[in-house]
Amino acid sequence: MTPQDIEGFDPLAENHIPGGLEKSIAEEAVRREVLNILKSYTGYFDLFSELLQNSLDAVDIRKKLEGDDYKPRIHIEIDISKNRVRVCDNGCGMDSDQFRFCFRPNVSFKSRKDSRGHKGVGATFVAYGFSSVRLITKQKGVSIAGQLNSGRQWAEDTSGSFPRPRFSAIANHAEGLEDESSGTCVEVLIESQQRPKLAWIQATNADQWLDLLRIKTPIGGIYLSASGRDVNVEYHVKATDLSGKSTYTKTSDIDYYYPHEIPLIHKQKSLSEIERKIQSISGDLSTRLQKLPDEFRRLDAVWDVWKSEDILKDIHISRNLDEDQKILVSKHDITVYGCFLSSAKTWTTFQKDILKVHPNAVLLRGGMQLASDYMPQGDLSVIPLTSTIGYQNNTHIVVHLRDGNPDMGRKVFQPEIKALADELGRRAVDVFKRYLSLMREDTGAPTGTAARDLRDFIKQQEAYRESKPLALRFRHRACALQSEPQSEQDVIALFHELVGMGIFEGYGFLATSESERYDSIFVTNYEDDSALYSVDRKLGVSHSSERRESIPYVLEYKYDSDALVDDFAKEKKYPQDVQLLVCWRVGNKTAREFAVSPFLVGEEGSVREFFASTHALYQLREKRLEVICLRDLINYLRNPEEEEARQSQYYGQ
């Protein structure tokens, strides 16, 4: 095909319609069809997914034709300074008919059985969803190239200002394919008012973009049940930031970014490993769990994979499936991956400290990811738990199926598929809950980044002391803890030191444990009148409090009160059992789930049950427990008027 054959060609041309009203109706129908396709693509990574899906299908085809002599390569360029995305592969390329009509709606040249995409709408989205697209292809050494401009403007035009785009021939049409016998390059220019806004996600270098594409696009292949599917693609990623600085990275053979592989997970085990170890220990189940070695305890994550045959055999996974759903499991070769994290804060830390991208981007989080034909489809959805809903945020589920046939925007599956995925997700969470005793306790403290050596750790703590000094003195005694708490252990140490310094009165401790359901058992004794509330003693307890030694109470320690709220939601702990929480800070989730009454404001503390408690938590006007927020208490000890004013403003008193 010559440049003259490309110049002026309209991919949407209606054949055999001479003109007049019939032609006008047909043109408007095509515009509506294109616009409906564009409206189905709303995700930030849709453009990347469509381009990479087509490239992977192309290298798959060539691999089958040429075998091991062929080395698949895909080049990805993200130029933020020019709002440009370019994907170039050395796959099978296109012939002249495929080139001319690939942008036409519902036209596909792919086999439904063997390809990732076959609906014939992705290329239409690429061509008419943006301001300009350049298409260059090569097959058997023969190149074809063309450019289509103002596709989005035409699709959304209601005034007739934009004619339907036609190809313009590109003279240098071997660009990017000079050393290849076949392949295809697609370059898309994104106008400022169009999505995706490349700068928004705040990824500026090639390594960041590779991680993002691994999570959200087909290059992060989901091959949980695929046998023999290994095209060994070599990926080249180039990113150019707003200043024009470029970075480059190269990799091959990458899969989906499974959560148990992220750098923040220091201790993880698959359920299969755990079960094998349990079976190797003699005794009843309780004895076996107690005898598990340390490498199987205080885990940051547990995970596993259930293939279709495992799903049907495992009564815990399949117990609520009806016969039709079991047929779907086999028909679509469904595989489930699940990972349960000890702390939901790991997702936030991963995004902030490892990916280093925009905090509002929803990437790798708790939820359910549907996947079909080896790639993620659409965004994460909520795992529809009916109880212990707090575990929704800790658990990441991938449900993969073959030939899932999602809608044209790759967002929505058939209702029966979605219902089956929901049930499998619920059952997987139920399985993970059986291993809670092996998980690290979630205290609400931020998840640490990658492990540091001793010298780095010491320097970090010295710097933290400089930026967050505690510097607390009481009755001529200085607090030994020199920095603000960073963990639950710091909270425990600080609280007990404050008890020893005499800031707290009337507490007696029977036990503190990290292995029982609850942290501590304590009693109170307020025989001394000095512990009672008065205008000059605003940390004291109510005059109606028990004056003798009380019954034993339950005390919980957390860095952040939200961690206890999560424990209540997960039914790991119960509000009716806990009388006192000691924490460093009161979180926003606590204020959403409970009515928070501040005891440090006005005369509110006159009803206090436990000495120096700073808040009470209510539900349905019934007090559930009291809270000692150490940060607020220390601020009050330093400057009572200032802290009272802050609390009054914050809690709206």
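Description of the structure in this document.

Basis of the calculations
Residues numbered from 1 in each chain as written. Predicted model: local features only at pLDDT ≥ 70, side-chain atom pairs only at ≥ 80, totals over all residues. Heavy atoms only, no water. Core = buried A, V, L, I, M, F, W, Y, C linked by side-chain atoms within 4.5 Å. Buried < 20%, exposed > 50% of the residue type's maximum accessible area, 1.4 Å probe, protein only. Contact = heavy atoms within 4.5 Å. Helix = DSSP H or I, 4+ residues; strand = E, 2+ residues; numbered from the N terminus. Salt bridge = Lys/Arg side-chain N within 4 Å of Asp/Glu carboxyl O. Pairing = 2+ DSSP bridges. Axes fitted to C-alpha atoms, helices over the stretch in contact; angles between N-to-C directions. Phe/Tyr/Trp six-rings, centres within 6.5 Å; stacked < 30°, edge-to-face > 60°. Lys NZ or Arg CZ within 6 Å of the ring centre and 35° of its normal.

Our next topic: the nonpolar core. For soluble globular proteins, the rule of thumb is that nonpolar side chains tend to be buried together. Ranked by size, the top nonpolar core spans 81 residues in total, and within it Ile76, Phe103 and Trp209 carry the most contacts. In contact with Trp209, other than residues within four places in its own chain, are Tyr44, Phe45, Phe48, Ile78, Ile80, Leu198, Ile201, Ala203, Thr204, Val237 and Ala239.

This next bit is on unusual backbone geometry. In this structure, the amide linkage connecting Arg195 to the following residue, Pro196, adopts the cis form with an omega of 5 degrees. Along the polypeptide, Pro196 turns up in the loop between strand 6 (183-189) and helix 7 (206-216). One non-glycine residue with positive phi stands out, namely Leu620, at about 50 degrees. Here Leu620 is to be found in the loop between strand 22 (615-619) and strand 23 (622-629). Relative accessible area serves as the criterion here: at 84%, Leu620 is assigned to the exposed category.

The next thing to look at is the pattern of salt bridges. Counted by the stated rule, this structure contains 43 salt bridges. One salt-bridge network, in which partners are shared between bridges, spans Glu77, Asp79, Arg84, Arg86, Arg134 and Glu187.

Further remarks concern the sheet that holds strand 1 (residues 73-79). Pairing within the open sheet is mixed, and its 8 strands lie in the order 5-4-3-6-2-1-7-8. The two strands at the open ends of the sheet, each matched to only one other strand, are strand 5 (168-169) and strand 8 (246-252). Here strand 2 (residues 84-89) pairs with strand 6 via 6 bridges, running antiparallel. Across the sheet, the residue bridging to Arg86 is Glu187, located in strand 6. On top of the sheet, helix 3 (residues 46-66) reaches strand 1, strand 2, strand 6 and strand 7 (234-240); it is set at about 10 degrees to strand 2, its chief contact. Sitting on the sheet, helix 7 is in contact with strand 1, strand 7 and strand 8, with an inclination near 45 degrees to strand 8.

Reading across the sheet, the 6 strands line up as 9-10-11-14-12-13 and stay open at both edges, with mixed pairing between neighbours. The strands lining the two open edges of the sheet, one partner per strand, are strand 9 (268-270) and strand 13 (375-376). Contacting strand 10 (301-306), strand 11 (335-341), strand 12 (367-372) and strand 14 (395-401), helix 14 (residues 415-433) runs over the sheet at an angle of about 140 degrees to strand 14.

Attention shifts here to the packing of aromatic side chains. Under the counting rule described, the total for this entry stands at 29 aromatic pairs. Taken together, a centroid distance of 5.5 Å and an interplanar angle of 45 degrees make the contact between Tyr223 and Tyr374 tilted. Linking Tyr223 in the loop between helix 7 and strand 7 with Tyr374 in the loop between strand 12 and strand 13, this pair joins segments that are 151 residues apart in sequence. For Tyr374, a relative accessible area of 11% puts it in the buried group. With centroids separated by 6.0 Å and ring planes inclined at 90 degrees, the aromatic side chains of Phe495 and Phe509 adopt a geometry described as edge-to-face. In this pair, Phe495 sits in helix 16 (residues 488-500) while Phe509 sits in strand 17 (residues 507-512), placing the two residues 14 residues apart along the sequence. The class of Phe495 is buried, set by a relative accessible area of 0%. Aromatic rings pair up to connect Phe495, Phe504, Tyr507, Phe509, Phe522, Tyr553, Tyr557 and Phe610 into one cluster. The ring of Phe296 has Lys269 sitting right over it, with the charged end atom 4.8 Å from the ring centre.

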